[in-house]
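# Coordinate analysis (summary)
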Amino acid sequence: MSNLAIDPARLWSSILQTAAIGATPRGGICRLALTELDRAVRDWFVAECEAVGCTVTVDDMGNIFARRPGRDPALPPIAIGSHLDTQPTGGKFDGVIGVLAGLEVLRALAESGTGTEAPIEVIDWTNEEGSRFAPAMLSSGVFAGAFTRDWAHARADRAGTRFGDALSAIGYRGDAPCGAHPLSAHFELHIEQGPILEDEDRVIGIVTGVQGMRWYEVTVAGEEGHAGATPMRLRRDALLASARMIQSVERIAHAHAPDAVGTVGLIDARPNSRNVVPGEVFFTVDLRHPDDVVLEAMEGAMHAAFEGDAGGLALSIERVWDNPAVAFDPGCIAAVRDAAVALGHPAREIVSGAGHDSAYVARVAPTAMIFVPCAGGLSHNEAESAEQAHVAAGAAVLLHAVLATDRRLAAARQGRVSRETAGVRGPVIDGGSA
Ligand code: HGY
Ligand code: MN
Ligand code: MN
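This one's a predicted model, so the numbers in the text were calculated from it and none came from an experiment.

A separate point is the packing of helix α1 (residues 8-19) against helix α12 (residues 388-413). Running from N to C, α1 and α12 point in directions that differ by 110 degrees, and their axes come no closer than 10 Å. Classified by the interaxial angle, the pair formed by α1 and α12 is roughly perpendicular. The segment α1 lies against α12, with Pro 8, Ala 9, Leu 11, Trp 12 and Ile 15 engaging Gln 388, Val 391, Ala 392 and Ala 395. Residue classes in the contact of α1 with α12 are distributed as eight nonpolar, one polar and no charged.

So, on to the coordination of the manganese ion (ligand 3). By definition of the ideal shapes, a tetrahedral metal site with four donors has angles of 109.5 degrees and an octahedral site with six donors has angles of 90 or 180 degrees. The manganese ion (ligand 3) binds to the protein through Asp 94 (OD), Glu 129 (OE), Glu 129 (OE) and His 380 (NE2), with metal-donor distances spanning 2.1 to 2.5 Å. Positions of the donor residues of the manganese ion (ligand 3), expressed as sequence spacing, correspond to D-x34-E-x250-H. The metal-metal distance between the manganese ion (ligand 3) and the manganese ion (ligand 2) is 3.5 Å, with Asp 94 coordinating both. With Asp 94 in the loop between β3 (78-82) and α3 (96-112) and Glu 129 in the loop between β4 (120-124) and α4 (138-143), this pair connects stretches of sequence that are 35 residues apart. Take Asp 94: its relative accessible area is 5%, and that puts it in the buried class.

What follows deals with the site of ligand 1. What surrounds ligand 1 is the set Glu 128, Glu 129, Ala 136, Arg 288, Ala 354, Gly 355 and His 380. Taking Glu 129, its side chain carries an N or O atom lying 3.2 Å from an oxygen atom of ligand 1. Burial of ligand 1 by the surrounding chains reaches 94%, relative to a free accessible area of 210 Å². Across the shell around ligand 1, the residue classes break down as two nonpolar, two polar and three charged.

This brings us to the coordination of the manganese ion (ligand 2). Around the manganese ion (ligand 2), the protein contributes the donor atoms His 83 (NE2), Asp 94 (OD) and His 190 (NE2), at 2.1 to 2.3 Å from the metal centre. Here the donor residues of the manganese ion (ligand 2) are spaced in sequence according to H-x10-D-x95-H.

Attention now goes to the nonpolar core. Within the largest apolar cluster, 101 residues are counted, with the highest numbers of intra-cluster contacts made by Phe 45, Phe 187 and Trp 321. It is α12 that contributes the most residues to this core, 11 residues altogether. Excluding anything up to four places from it in sequence, Trp 321 contacts Pro 135, Ala 136, Met 137, Phe 147, Met 213, Arg 214, Trp 215 and Tyr 360.

This part covers helix α8 (residues 238-255). Between its first and last C-alpha atoms α8 spans 26 Å; for 18 residues at 1.5 Å apiece the expected length is 26 Å, and the two agree. Turning to α8, its buried residues number three or more, namely Ala 238, Ala 241, Ser 242, Met 245, Ser 248, Val 249, Ile 252 and Ala 253. The buried residues of α8 all sit within an arc of 130 degrees when viewed along its axis, so they share a single face. Projecting away from the buried face of α8 at angles above 90 degrees are the exposed residues Gln 247 and His 254. Where the residues of α8 are buried, they touch β7 (212-221), β9 (261-263), β12 (280-289), α9 (292-309) and β13 (314-323).

Definitions and limits used
Residues numbered from 1 in each chain as written. Chains lettered and ligands numbered in written order. Predicted model: local features only at pLDDT ≥ 70, side-chain atom pairs only at ≥ 80, totals over all residues. Heavy atoms only, no water. Axes fitted to C-alpha atoms, helices over the stretch in contact; angles between N-to-C directions. Helix = DSSP H or I, 4+ residues; strand = E, 2+ residues; numbered from the N terminus. Parallel < 35°, antiparallel > 145°, perpendicular 65-115°, else oblique. Contact = heavy atoms within 4.5 Å. Nonpolar A, V, L, I, M, F, W, Y, C, P; charged D, E, K, R; others polar. Donors = N, O, S within 2.8 Å, 3.2 Å for Na, K, Ca; no water. Buried < 20%, exposed > 50% of the residue type's maximum accessible area, 1.4 Å probe, protein only. Near = heavy atom within 4 Å. Polar contact = N/O pair within 3.5 Å; in protein donor to acceptor, adjacent residues only side chain to side chain. Areas by Shrake-Rupley, 256 points an atom, 1.4 Å probe, with all protein chains shown as cover. Core = buried A, V, L, I, M, F, W, Y, C linked by side-chain atoms within 4.5 Å. Expected span 1.5 Å × (residues − 1). Arc of directions from axis to C-beta.

Written out as structure tokens, the structure reads:
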């Protein structure tokens, strides 16, 4: 294992290269799932993986699997996954560093001629953001059995385009059935997207789980009317009722402080004309909490509040997504923790406020995540930024955790460690320079 090491400059260069695909004038990225820009970054990723000797397969949800063979092809791969789609006002790092750190691991292994027992696989999960096609993590959700492939393919964006049709249009509707793809473990490097690591001067977040999250779609129906001739007492103003509901979401989140969050991020008022009393409003609600029992209580409070806020207007509330809180695999968590300690990076355990593909993959494979700080905790914002040294540190921890997991699998395979203790445990770092 000579000179096995992450190349920080090469990794950073790849991040900047992909940042040019969908770059916005304000320094961010707008690369929505299944658009021509998503296709372009996928094509780039596939070419880079093939250039280091990987075989690439695509499943029928568009998930891309770039596999580097191991000594034992019968072993399910150790996976490194994240996403390349972004928010409309996304940044250069959200999702991207997880996929590109995986590519950097492949490059480092190839360059140093380091073999592994298990195959190593880097995955680009389709439509993690859920911005264009709700819900978020749609494709890792199908992979984990949370959604059927047909339900996912039928999901439509606000313009009425179906997921399956958009996937075909960019040429990434693969043949392999999504989900029939065992993994020995799954690791994901991601920016924290919050302020904790930076506030505490930590470089590595040892992510132990993800909080629970639920999405709703709300429609309020009143009656269009003339803005000048309709007396206030006769109005059935859908936007005014919705405004009361949006304030209720904020109140309910504060009422379940300090860990609850509630967001109304998308709103469509129709006919959206300045001199028409709005007749119908569609808006979304995103509720999150680390404890599913509290999340359930928040949902009940929201329904009760909205009934009153509606003021007699027609109201429909549909829950389109319910992703319970997730605890990651203790063995994978230990592999991350041991790697951070061995590499000397200040670290702390943390639960993710943001959703990630790992939240679903954890249902079907031992999984853990690695966080690195982002400036001001800012994300889903074009000003999102991270330090090159921190991204490189995260990638080095990722490499160590993957190699340690591989060694444990090899030992278990050779029967040196009894199966029941084999699990996926921390590495015995041999001073590798990775
Ligand atoms: O919604 C989320 O937390 C993620 O960014 N998709
Ligand atoms: Mn992300
Ligand atoms: Mn995101």
